[in-house]
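Listed below, chain by chain, are the residues.
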Amino acid sequence: WTLCMAWAALLTMLFDLGFGVLLTRNAARDDPGVGRIVGAALCARFGVLLPTGALFYAAAPWLTADPRTVTGLRIAAAIAAAGLAYSCFAPVFRVRPRSLVTLLTIEAVSALAQSAGAWWLIRHGGGVASLLVLAAGAQVAQCGAIIVLWRMTLGARRRIECPRLIEALGILRRALPFALAGLIANAQIRIAPLLVGYLSGASALASFGAATKIGNLVRMLPQAAIAGARPVLADEVQHG
């Protein structure tokens, strides 16, 4: 589970392309062209992810000899795709106090449903593949919910448009510095479980996964403070 989710997180990080930060900044500045940036993010991310994901799906047997893990890695590619789609919309809502509560409700309900479903699957003998299918389903459900939220709240004022190629490349150039800045930090986090998975056994990887969760809880408060301050600072810069 930890190994497959680490691969999903690694794929998500590689194909974020810096749009997560760019969308947060421009939405905080109330940029009227944020819908066009969302369209550019969808086109750029999936234009790169789809062929790479197909190669990853085909190459999964080369990464491990365990057929169950091969199945899990292939499902991990779908989890990454759904996560990238969701993260094209979510930053726009995170910077708005009214929509933030709705967004957090969607994510909390999804997390609780996934936890309950995982408990039920494990009690009834479900394996890693079924847990990963559940995780992919939860991501897809979140995507559906946030698209409905966009249409209900922003559809008239912030239409999602697919920009022309030249314009999309210009938006991508604006996002790439954020992608490069996040690449090293994210790689530092994602590489560890991958190496543990290859160099050690399942029990060590499970212990590492539990320890990582505890560490994330400790870091959650300062990270939340930084994430909360970022849109405010972007707005302050906009107004001098």
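Residues numbered from 1 in each chain as written. Predicted model: local features only at pLDDT ≥ 70, side-chain atom pairs only at ≥ 80, totals over all residues. Heavy atoms only, no water.

Undergrad: Before we go on, may I ask you to explain the overall build of the protein in this structure?
TA: Looking only at helices and strands, one finds 8 helices and 0 strands in the protein. What you see in the protein, going N to C, is helices and strands ordered as α-α-α-α-α-α-α-α. What you see for the protein is a C-alpha radius of gyration of 19 Å, in line with the 18 Å of a compact globule of 240 residues. Per-residue burial over the protein gives 36% buried out of 240 residues. Taking all contacts inside the protein whose residues are at least 6 apart in sequence as the whole, residues at least 24 apart take part in 77%. Each charge sign in the protein was given a centre, from 21 positive and 9 negative side chains, and these centres are 5 Å apart. (Helix = DSSP H or I, 4+ residues; strand = E, 2+ residues; numbered from the N terminus. Rg over C-alpha atoms; globule rule 2.2 N^0.38 Å. Buried < 20%, exposed > 50% of the residue type's maximum accessible area, 1.4 Å probe, protein only. Contact = heavy atoms within 4.5 Å. Lys, Arg positive; Asp, Glu negative; His and termini not counted. Charge placed at Lys NZ, Arg CZ, Asp CG, Glu CD.)

Undergrad: Where do I start with the environment of Leu73 in this structure?
TA: Along the polypeptide, Leu73 turns up in helix H4 (residues 67-94). Separated by 125 residues in sequence, Leu73 and Tyr198 place their C-alpha atoms 14 Å apart. With residues up to four places along the chain from it excluded, the contact list for Leu73 reads Cys4, Trp7, Phe56, Ala60, Leu63 and Thr64.

Undergrad: Before we go on, may I ask you to explain helix H7 (residues 165-199) in this structure?
TA: Think of an α-helix as 3.6 residues a turn; residues three or four steps apart then line up on the same face. With 35 residues, H7 extends only 44 Å from end C-alpha to end C-alpha; this falls clearly short of the ideal 51 Å at 1.5 Å per step. Ala175 marks where H7 bends most, by close to 35°; the proline Pro177 follows one to four residues later. Of the residues making up H7, those classed as buried are Ile171, Ala175, Pro193 and Leu194. Buried-residue contacts for H7 involve helix H1 (2-14), helix H2 (19-28), helix H3 (34-63) and helix H8 (202-238). (Expected span 1.5 Å × (residues − 1). Bend = angle between axes of the 7 residues up to and from the residue.)

Undergrad: What exactly am I supposed to notice about unusual backbone geometry here?
TA: A positive phi angle, close to 60°, is found at Leu17, a residue other than glycine. When you line up the elements, Leu17 lands in the loop between H1 and H2.

Undergrad: Quick question: what am I supposed to make of the pattern of salt bridges here?
TA: Side-chain pairing between opposite charges can occur once the charged atoms of the two side chains come close. The final tally for this structure, using the stated rule, is 3 salt bridges. Of the charged contacts, one joins Asp66 and Arg68 as a salt bridge, the two residues approaching to 3.8 Å between their closest N and O atoms. Of the charged contacts, one joins Glu107 and Arg94 as a salt bridge, the two residues approaching to 2.8 Å between their closest N and O atoms. Here Glu107 is found in helix H5 (residues 97-123), whereas its partner Arg94 is found in helix H4, with 13 residues between them in sequence. (Salt bridge = Lys/Arg side-chain N within 4 Å of Asp/Glu carboxyl O.)

Undergrad: Sorry, what's going on with the packing of aromatic side chains here?
TA: Using the criterion set out here, one finds 3 aromatic pairs in the structure. Between the aromatic rings of Phe89 and Trp150, the centroid separation amounts to 5.7 Å while the plane-to-plane angle is 75°, which identifies the pairing as edge-to-face. In this pair, Phe89 is assigned in helix H4 and Trp150 in helix H6 (residues 128-153), connecting sequence segments 61 residues apart. On the accessibility criterion, Phe89 (8% relative accessible area) is buried. On the basis of relative accessible area, Trp150 is assigned to the buried category, the value being 3%. A ring pair is formed by Phe93 and Trp150, whose centres lie 5.8 Å apart and whose planes are at 85°; its orientation type is edge-to-face. (Phe/Tyr/Trp six-rings, centres within 6.5 Å; stacked < 30°, edge-to-face > 60°.)

As far as function goes, none of this settles anything; it's purely spatial.
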